[in-house]
Amino acid sequence: MEEQQTPHKRRVRYSGTHPKRFEEKYKELNPEKYAEDVQRIIDKGHTPAGMHISIMVQEILDFLQIQPGQTGLDCTLGYGGHTRAMLEKLQGNGHIYGLDVDPIESVKTEKRLRDAGFGEDIFTVRLQNFADIDKVVKDTGKKFDFILADLGVSSMQIDNPERGFSYKVDGPLDLRLNPQTGVSGAERLLELNRQELTHMFIENADEPYAEQIANNIMKWRYMCKPIETTTHLRDCITEALAFLPKYEQKESIKKSCQRCFQAIRIDVNGEFDALYSLMEKLPEVLAPNGRVAILTFHSGEDRLVKKAFQTFYRQGVYSDVARDVIRPSAEECVRNSRAKSTKMRWAIKSEN
């Protein structure tokens, strides 16, 4: 009996000398197979498509002081770079739980880490929001010696046009971390009124032209011009800022697009509510002398984390907290431009 052979599948063809579209970047999307090509891209300071370069890994490890036998939690598993570095510090003895709400990327990351040798005896993945970290402790019966929360959106989510996180490429205006639940960004823009839109852009992203952009979104709605894609929203923002002097428009439109996409993403995923819950529950899930590090990427997140840490410090819940933010080195920012806005804060649980 002849063995059935898997039919050869040709790679996606593209015009020109280099692939431009996400799905055409066959080398970047297969880092294990094309490791040298991918490394060259990283060495040039770029993030390969479908990958994520973890930020401030050494600074995190220096603070957490992970020891073999400890129990830890990565609140945002993502691509798994931070998780892997922390698992290596356990030297095969201990356990780390990795949480993520993304059912698409978490499966890929779990396989990647399993293939690297981290079995179920040392590593557990849970499809769960970090707002419910108390449920992890309830299920396991063990508090955490160290916790990490990287609040940034992973590069593989940003780069994939089907996820709708970036204004730079055309795709559905989704922006959900879990596309299987809740409403998309496009649906959310239909639900909110003018005042609510303005408030969202200011509260979630400090958008200086929030009122003008909200007005134009409402205008498009009245004209029956649905904002269903990332390009639609970018065009709507561009039109709203047409009153600016020509020499200001390009940079202002770019920054407003970044802020508005961020604001909608925070809204549809309930990110501030989840962060409030995380900060409130951290003291009850940390073991005595347990350490927590949090990476933030915009001022709203950083203010919330700073205030919560300081409040619990004054109450004696934490024995020490970061007085100032820790930032990535200049060298890291050159290697990874997406690290530039990162701020790290930390706290240490009291012994009592």
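To be clear, the structure that these remarks concern was listed above.
Residues numbered from 1 in each chain as written. Predicted model: local features only at pLDDT ≥ 70, side-chain atom pairs only at ≥ 80, totals over all residues. Heavy atoms only, no water.

1. Side note on the packing of aromatic side chains
Next up, step 1: Evaluation of the coordinates by the stated rule reveals 6 aromatic pairs.
Next up, step 2: Put simply, the rings of Phe-309, Phe-312 and Tyr-318 touch in pairs and so form one group of aromatic residues.
Next up, step 3: Positioned above the aromatic ring of Tyr-79, the side-chain terminus of Arg-112 is 3.7 Å from the ring centre.
Next up, step 4: One cation-aromatic arrangement involves Arg-323 over Tyr-313; the distance from NZ or CZ to the ring centre is 5.1 Å. (Phe/Tyr/Trp six-rings, centres within 6.5 Å; stacked < 30°, edge-to-face > 60°. Lys NZ or Arg CZ within 6 Å of the ring centre and 35° of its normal.)

2. So, the nonpolar core
Next up, step 1: Ranked by size, the top nonpolar core spans 34 residues in total, and within it Leu-189, Leu-197, Phe-201, Ile-213, Ile-217 and Leu-233 carry the most contacts.
Next up, step 2: Tallying contributions element by element places helix α11 (residues 246–268) first for this core, with 7 residues.
Next up, step 3: Residues in contact with Leu-197, not counting those within four places in the same chain, are Leu-189, Leu-192, Ala-214, Ile-217, Met-218 and Arg-221.
Next up, step 4: By size, the runner-up hydrophobic cluster in this structure holds 32 residues, among which are Ile-133, Ile-147, Ala-149 and Val-305. (Core = buried A, V, L, I, M, F, W, Y, C linked by side-chain atoms within 4.5 Å. Buried < 20%, exposed > 50% of the residue type's maximum accessible area, 1.4 Å probe, protein only. Helix = DSSP H or I, 4+ residues; strand = E, 2+ residues; numbered from the N terminus. Contact = heavy atoms within 4.5 Å.)

3. Quick notes on helix α10 (residues 230–240)
Next up, step 1: The set of residues buried in α10 consists of Thr-230, Thr-231, Leu-233, Cys-236, Ile-237 and Ala-240.
Next up, step 2: Here the buried face of α10 lies against α7 (185–191), α9 (210–222) and α11.

4. Some words on the sheet that holds strand β3 (residues 123–127)
Next up, step 1: A sheet is described by the order of its strands in space; here 7 strands give the open sequence β3-β2-β1-β4-β5-β7-β6, paired in mixed fashion. Two strands lie at the open edges of the sheet, namely β3 and β6 (318–321), each paired on one side alone. Averaged over all pairs of adjacent strands, the angle between strand axes in this sheet comes to 15°, irrespective of strand direction.
Next up, step 2: Pairing geometry for strand β1 (residues 71–74) and strand β4 (residues 144–150), over 3 bridges, is parallel. Across the sheet, residue Asp-74 finds its bridge partner in β4, namely Leu-148.
Next up, step 3: Where helix α4 (residues 105–115) meets the sheet, it contacts β2 (95–100) and β3, and its direction lies at approximately 175° from that of β3.
Next up, step 4: Each of β4, β5 (286–296), β6 and β7 (343–349) is contacted by helix α12 (residues 271–285), which is oriented at about 155° to β5, the strand it contacts most. (Pairing = 2+ DSSP bridges. Axes fitted to C-alpha atoms, helices over the stretch in contact; angles between N-to-C directions.)

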